[in-house]
Amino acid sequence: MVSADVIRDALDNYGDAVYKLCLIMLKNHADAADAAQETFITYMDKSPLFTGAEKEKAWLMQVAANKCRDMLRMRSRRNTVSDDILENYAENTEEYGIVEALTELPDKYRIVMILHYIEGYKTEEIAGMIGKTVSAVKMRLSKGRTMLRETYRKEYM
Amino acid sequence: MEKKLKKSTDRITMPAEVKNNIMEQCMNKARNDKHPNEAEQVFGVERVQSRPIIRIVSGIAACAVIAGAIGAATHFMNRSGLPDQQFAAPVTDEVTSTAEETTAAAEEVTEAVSESAAGVNLPDVKAMAQDLAAEQLAEYGLGVDRVYVTSPKVPKGYVTHTFPEAGEVMQKGDVVTLYISSGESEALNVDFAIPSTPKQLEYDRNPDCPLVLTDEQCESIVSEIKTQVYEEVPQEEILAKINNVTPEEQLGFGSYTISWNDQEETYSWGELAVYDIGIVKYEIERMNGENELKYYRIEPARIDTAIRDILGWSVGYCPFGTPYKMGLSYNGEYLTGTRLRAVSNAFFGWNWIDAHVVDSYLSDTPAYEFTSGETVIRVYEDGTIEWIHAKGDPSDSIYRVDNVDGDQPESHCTPICQTIEEALNS
């Protein structure tokens, strides 16, 4: 089991990225906090070894994405509604609209958009993280871009 | 717009209370794992009077139980020789070795199983005769459920695998599913619905060399997979393995993946992947939200050899299909023969897998513009290739092939342009 210091470092370095992913995926503070917490507890349990900081972050993002997916699946079974909380973070209407439009994309498109455009991962890296082929990731990014623009135009312009 | 996404989300940070809470949870967990019995502290002590007669009776009873256990162990040890007798008639080398492994495995089970208050670690009964496996498990209070499956290499009546897998912690009374070979190796004759649109094949051991499969190659590979898969694997079994990471990560990062993006027939994306550990994944994802996902077991070495035989590694790859098959026009002229082949090869000759999909191109006007049905392919001098589908296809993409790091090209005329120029003049 990794030490508390390792967890503290990981929280300091990647806590924001993990939480951001969870919040955009789940649109709910409590669920995002739970998913982030489970991610770091999993890290403690599994104590994976990494060859570099980037690998560590990628692993955490991957686990967080899976936690979110599980919670969304559970939520769809329970018909739970998410909160509209992202406006607290936006500086202006445009920013709010863009993030809001992003959260309205289907999960599979949203996750690749977050990993590519917000976290800066390459398509090959995302393919490895979500277990799809590079061409599938490129297709999802392409479709995600189109849907994001359409949603934004339709609802916020 | 997507470029603004990063800035728009920059202000989202993990609240301090969430961070503190996570840290606190982790510290608690570390403490509990270090002292797991902390909760069972004794808060009071009661002195009881010693009763010698009870001690003596208990001692005799304990001796009787130990003697009985030794007798039962000898009985089962003798029975573990049975598989050799079962294979005495028509034996092959493989079967003999399986029988030997079985005997050895049966002996090891007793040592491998550890029992604790928390439960029993499921022993490995793979490759063991079904009755012997059931007996071994019964000794640890575990029930069995038998499922008969075809298997190309495990002899009839022997356990191919179990669910859950060996090592899992089980409680007394739990039921283990024993998958038992029916001795047949017939194919399942699975019907993979694969459209006739171009298929790409990615090979993990050589990620820089993805291929566009010809129809013949694809048909041959799919037919090999169809005839070799011998058992469907329940998704729960795969999910049980994966826990917190994606299935593909746990299965080993693939081996061969055939994928397609069919916008014409079924409007779907899909892939058929053969993983190193002997699992085939078939997944279809339709635009209307319907998904189909199935896993099958396959003999990995056999399918690997078959695929290698079929491929020969001589084909190129291009993300927008096979230009010479789609037909190409340049400046209103329909390309044929050598020119068509040469231009098609020019598109194939690039390492597309490393090309960036970009949002805009640097040059104003394309150096070359090709049309292929309703698709337009534009090649710019900065090394960007734009692929536009008239229907507003979601696969529309702009690829930057020459300067993959996004730097400005050093020369005005980049190699992709030169290659195409040469191809057009051929």
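Residues numbered from 1 in each chain as written. Chains lettered and ligands numbered in written order. Predicted model: local features only at pLDDT ≥ 70, side-chain atom pairs only at ≥ 80, totals over all residues. Heavy atoms only, no water.

A. The overall build of chain B, seen in detail. Along its length, chain B carries 13 helices and 20 strands. Taking all 426 residues of chain B together, 42% fall into the buried category. For chain B, the accessible area works out to roughly 22,500 Å², and carbon and sulfur atoms hold 50% of it. (Helix = DSSP H or I, 4+ residues; strand = E, 2+ residues; numbered from the N terminus. Buried < 20%, exposed > 50% of the residue type's maximum accessible area, 1.4 Å probe, protein only. Areas by Shrake-Rupley, 256 points an atom, 1.4 Å probe, with all protein chains shown as cover.)

B. How the structure looks around the overall build of chain A. Looking only at helices and strands, chain A features 7 helices and 0 strands. Along chain A, helices and strands appear, N-terminal first, in the series α-α-α-α-α-α-α. Within the span of chain A, comprising 157 residues, buried residues form 61% of the whole. In chain A, once contacts between residues fewer than 6 apart in sequence are set aside, the share between residues at least 24 apart is 67%. Accessible surface, chain A: about 6,600 Å² in total, of which carbon and sulfur atoms supply 47%. (Contact = heavy atoms within 4.5 Å.)

C. Layout of the pattern of salt bridges. One pass over the full model with this rule turns up 12 salt bridges over all chains. Lys67(A) is paired through a salt bridge with Glu38(A); the nearest N and O atoms lie 4.0 Å apart. With a gap of 29 residues between them, Lys67(A) in helix α3 (residues 53-78) and Glu38(A) in helix α2 (residues 29-46) connect regions that are remote in the sequence. Overall, Lys67(A) belongs to the buried group, its relative accessible area being 9%. Salt bridges sharing partners connect three or more residues here, namely Glu271(B), Lys281(B) and Glu283(B). (Salt bridge = Lys/Arg side-chain N within 4 Å of Asp/Glu carboxyl O.)

D. Representation of the pairing of strand β13 (residues 291-297) of chain B within the structure. Inspection of the sheet shows strand β9 (residues 231-233) of chain B paired to β13(B) by 3 bridges, in the antiparallel sense. By the bridge assignment, Val233(B) is partnered in β13(B) with Tyr295(B). (Pairing = 2+ DSSP bridges.)

E. Up close: the environment of Ala273(B). Residue and element names in this part refer to chain B. Relative to the assigned elements, alanine 273 resides in strand β11 (residues 268-275). Given the relative accessible area of 0%, alanine 273 is considered buried. Taking the C-alpha atoms as reference points, alanine 273 and isoleucine 225, 48 residues apart in sequence, are found 9.8 Å from one another. Setting aside residues no more than four positions away along its own chain, alanine 273 makes contact with Tyr256, Thr257, Ile279, Val280 and Lys281.

F. Spatial organisation of the side chain of Thr42(A). For Thr42(A), the position within the fold is in helix α2. Within the structure, the side chain of Thr42(A) is placed 2.7 Å from the backbone oxygen of Glu38(A), a separation counted as a polar contact. (Polar contact = N/O pair within 3.5 Å; in protein donor to acceptor, adjacent residues only side chain to side chain.)

G. Main features of the pairing of strand β12 (residues 279-286) of chain B. All names here are of chain B. Counting buried residues along β12, 7 of its 8 residues qualify, which places the element largely inside the surrounding structure. When β11 meets β12, the two strands line up antiparallel, connected through 8 bridges. Looking at β12, one finds that leucine 272 is bridged to tyrosine 282.

H. Examining helix α5 (residues 107-118) of chain A more closely. All names here are of chain A. The end-to-end C-alpha distance of α5 is 15 Å, a good match for the 16 Å that 12 residues give at a rise of 1.5 Å each. By the burial criterion, the buried members of α5 are Tyr109, Arg110, Ile111, Val112, Met113, Ile114, Leu115, Tyr117 and Ile118. Remark: glycine 120 follows α5 within two positions and exhibits a positive phi of approximately 75 degrees. (Expected span 1.5 Å × (residues − 1).)

I. Spatial organisation of helix α7 (residues 215-228) of chain B. Residues and elements named next belong to chain B. For α7, built from 14 residues, the straight-helix expectation of 20 Å at 1.5 Å per residue is met to within 8% by its first-to-last C-alpha distance of 20 Å. Along α7, the residues classified as buried are Gln217, Cys218, Ile221, Val222, Ile225 and Gln228. Mapping the buried residues of α7 onto a view down its axis gives an arc of 135 degrees, with all of them on the same face. More than 90 degrees from the buried face of α7, the exposed residues found are Glu216 and Glu219. (Arc of directions from axis to C-beta.)

J. Geometry of the environment of Ser182(B). Residue and element names in this part refer to chain B. Following the sequence through the fold, serine 182 ends up in the loop between β6 (175-181) and β7 (199-203). For serine 182, a relative accessible area of 18% translates into the label buried. Put simply, serine 182 and lysine 156 are 26 residues apart on the chain and 4.9 Å apart in space, counted from C-alpha to C-alpha.

K. Fine view of the sheet that holds strand β4 (residues 159-163) of chain B. Residues and elements named next belong to chain B. Reading across the sheet, the 3 strands line up as β3-β6-β4 and stay open at both edges, with mixed pairing between neighbours. Edge positions in the sheet fall to β3 (143-149) and β4, since each of these pairs with one other strand and no more. Within the sheet, the average angular offset between the axes of one strand and its neighbour, ignoring direction, is 25 degrees. Bridging between β4 and β6 involves 4 bridges; their strand directions are antiparallel. Considered in β6, the bridge of phenylalanine 163 is made with threonine 177. (Axes fitted to C-alpha atoms, helices over the stretch in contact; angles between N-to-C directions.)

L. Fine view of the environment of Ala33(A). With respect to the helices, strands and loops of the structure, Ala33(A) is situated in helix α2. Sequence spacing of Ala33(A) and Val18(A) is 15 residues, and the spatial spacing of their C-alpha atoms is 9.7 Å. The residues touching Ala33(A), leaving out its near neighbours within four places in the chain, are Tyr19(A) and Val18(B).

M. Region of interest: the packing of α5(A) against helix α6 (residues 123-130) of chain A. Residue and element names in this part refer to chain A. It is at 10 Å that the axes of α5 and α6 come closest, and there the two elements cross at 140 degrees. With respect to α6, the element α5 is oriented oblique. Note on packing geometry: the crossing formed by α5 with α6 is right-handed. Touching Val112, Leu115 and His116 of α5 are Thr123, Ile126, Met129 and Ile130, all from α6. For the contact of α5 with α6, the residue count by class is 5 nonpolar, 2 polar and no charged. (Parallel < 35°, antiparallel > 145°, perpendicular 65-115°, else oblique. Left-handed = near helix turned anticlockwise from the far one by under 90°. Nonpolar A, V, L, I, M, F, W, Y, C, P; charged D, E, K, R; others polar.)

N. Just the confidence of the model for chain B, in detail. All names here are of chain B. For chain B, the average pLDDT comes to 66, and 54% of its residues sit at 70 or higher. Scored below 50 in pLDDT, residues 37-56 makes 2 contacts in the model with residues more than four places away or belonging to other chains. Across residues 76-116 the pLDDT falls below 50, and counting only partners more than four positions away or on other chains, this stretch makes 47 contacts in the model. (pLDDT = per-residue confidence, 0-100.)

O. Quick peek at the side chain of Lys57(A). With respect to the helices, strands and loops of the structure, Lys57(A) is situated in helix α3. The residues touching Lys57(A), leaving out its near neighbours within four places in the chain, are Tyr14(A), Ala17(A), Glu119(A) and Tyr121(A).

P. Spatial organisation of unusual backbone geometry. With a phi angle near 55 degrees, Lys27(A) is a residue other than glycine that sits in the positive phi range. If you trace the backbone, Lys27(A) turns up in the loop between α1 (4-26) and α2. On the basis of relative accessible area, Lys27(A) is assigned to the buried category, the value being 15%. At Asn331(B), a residue that is not glycine, the phi angle is positive and equals roughly 50 degrees. Note on placement: Asn331(B) falls in the loop between β14 (329-330) and β15 (333-334).

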